[in-house]
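The primary structure of each chain is shown beneath.
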Amino acid sequence: MNNKNLCTVADVADLESGLREIRQHLHQNPELSNEEAKTAELVANRLHALGFEVTTGIGGHGVVGSLKVGTGTRSVGIRADMDALPITEQTGLEYASQASGKMHACGHDGHTTMLLGAAQQLARSRNFSGTVHLIFQPAEEIGFNSGAERMLAEGLFDRFPCDAVYGLHNHPGYPVGKMMFRPGPFMAACDTVNITVHGKGGHAARPHMTVDPILVASSLVVALQSVISRNIDPNETAVITIGSLHSGHAANVIPDSARLEMSVRSFDAGVRKILEQRIRSLVTSHAEGYGSRAEIEYVPGYPVLVNHQQETDFATQVAQELLGEENVVADLPPISGSEDFAYFLQQKPGCFLRLGNGDSAVLHNPAYNFNDESLPFGVAYWTRLVERYLNSPS
């Protein structure tokens, strides 16, 4: 196959202005997980206008646009997430969020726009033989019972067969025009643990007549760190973070209970299992040692995202062809954030990759903004990947 015919960044330059308008419109009108009705409608209408076969209402507000060209029998899926976050924006942008307490603080407005741009380029160039399924997914940010899980439960890959599936996320701190990859475990599993310590309240002047849950909870904050340092192989990576500790309302009152909320992250299924076992055991026995009782709510979140070697090698090669080897990081260190694209990769071979967002604020920050300079790179990359994949021999 002649690579000179494959999409380049220059080929999509004429789309950039229109894509900026779409992206900024989405940024101005964010919708939270499971509320993406207007975003989904915009996506579906644009795909219809481009000649895609469009299916809506998958896993909530999920949309799939399918386009078959030629007689090729291969098929490939490309996914973008659509939902925003419950964060009050502090960017000062002219197109800042108009929805109080909601903003696109993770760049899903950019992800959706880039895939719409790829749809436009694929529809007009039609330089492939086979079927492409563009998957616009709701509810990635929710943390559990996500859009990916629900789309799969409703037969996503039975209804839209894919030989492989790909997705990306923008990456603040790397220059625009750079792409990053990693085969194998790439993003962490993330579980949430809520612990309620039940003690015995009383007067602050008579602590001997109480069982102080604040003392127990404070001791647990420190003790839980030993789960990693003394139970997990030093060559493995895991994180336990207590992000919330609440108890009491007055300085002279020992309360009846205290509540801790924590995030547990890991990159290996075995490590994940050990963490749960040891956390449950430690919390229970630790509380009992103080004469209190602990109630544990262990909420499993997204699994480890594991990129497949062959598909990651292919995706990396496409980026090197498009951008040059100097603009491709082939072995980015693992990322401790989590991503429900992991569920797709449990069912289909594929790769999740990162695209530089420049020197922007970090993800989930009120000052974050997707970098529109990235749009043509994402559009050209997705288009070229589809062309290369569907025109290659099986």
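Residues numbered from 1 in each chain as written. Predicted model: local features only at pLDDT ≥ 70, side-chain atom pairs only at ≥ 80, totals over all residues. Heavy atoms only, no water.

- As recorded in an unreviewed UniProt entry, the protein goes by the name Amidohydrolase, listed as coming from Rouxiella silvae.

### Details of the sheet that holds strand 2 (residues 62-69)
Logical step 1: Ordered by their spatial adjacency, 8 strands build an open sheet running 1-2-4-3-5-16-6-15, and the pairing between neighbours is mixed. The open sheet has two free edges, formed respectively by strand 1 (53-58) and strand 15 (328-329), since each of these has just one partner strand.
Logical step 2: As paired elements, strand 2 and strand 4 (residues 130-137) share 7 bridges and run antiparallel to each other. Bridge assignment links S66 to a residue of strand 4, and that residue is H133. (Pairing = 2+ DSSP bridges. Helix = DSSP H or I, 4+ residues; strand = E, 2+ residues; numbered from the N terminus.)

### Description of the sheet that holds strand 10 (residues 238-246)
Across a sheet, strands are paired by hydrogen bonds formed along the backbone, either parallel or antiparallel in direction.
Logical step 1: The sheet built from 4 strands is open, its strands ordered 10-12-8-13 with antiparallel pairing. Two strands in the sheet have a free side with no partner beyond their single neighbour: strand 10 and strand 13 (293-299). Taking each pair of neighbouring strands and ignoring which way they run, the sheet shows an average axis angle of 20 degrees.
Logical step 2: Both strand 8 (residues 189-198) and strand 13 contribute to a ladder of 7 bridges, which runs antiparallel. Along strand 13, the bridge assignment pairs T192 with V299.
Logical step 3: Packing of helix 6 (residues 213-223) onto the sheet brings it into contact with strand 8, strand 10 and strand 12 (257-266), and relative to strand 12 it is tilted by some 15 degrees.
Logical step 4: Against the sheet, helix 8 (residues 269-289) engages strand 8, strand 10, strand 12 and strand 13, with an angle of about 160 degrees to strand 13. (Axes fitted to C-alpha atoms, helices over the stretch in contact; angles between N-to-C directions. Contact = heavy atoms within 4.5 Å.)

### Quick notes on the packing of helix 1 (residues 16-28) against helix 2 (residues 37-49)
Logical step 1: For the pair helix 1 and helix 2, the least separation of the axes is 11 Å and the interaxial angle reads 160 degrees. Regarding the angle of helix 1 to helix 2, the classification is roughly antiparallel. Between helix 1 and helix 2 the crossing geometry is right-handed. Touching I22, H25 and L26 of helix 1 are T39, L42 and R46, all from helix 2. (Parallel < 35°, antiparallel > 145°, perpendicular 65-115°, else oblique. Left-handed = near helix turned anticlockwise from the far one by under 90°.)

### Brief notes about the UniProt feature "domain: Peptidase M20 dimerisation" (unreviewed entry) in the protein
Logical step 1: In this numbering, the UniProt entry assigns the feature "domain: Peptidase M20 dimerisation" (unreviewed entry) to residues 192-289.
Logical step 2: Secondary structure over residues 192-289 splits into 40% helix and 31% strand, and the C-alpha atoms at its two ends are 24 Å apart. (UniProt positions renumbered as here; feature names shortened; annotations may be inferred.)

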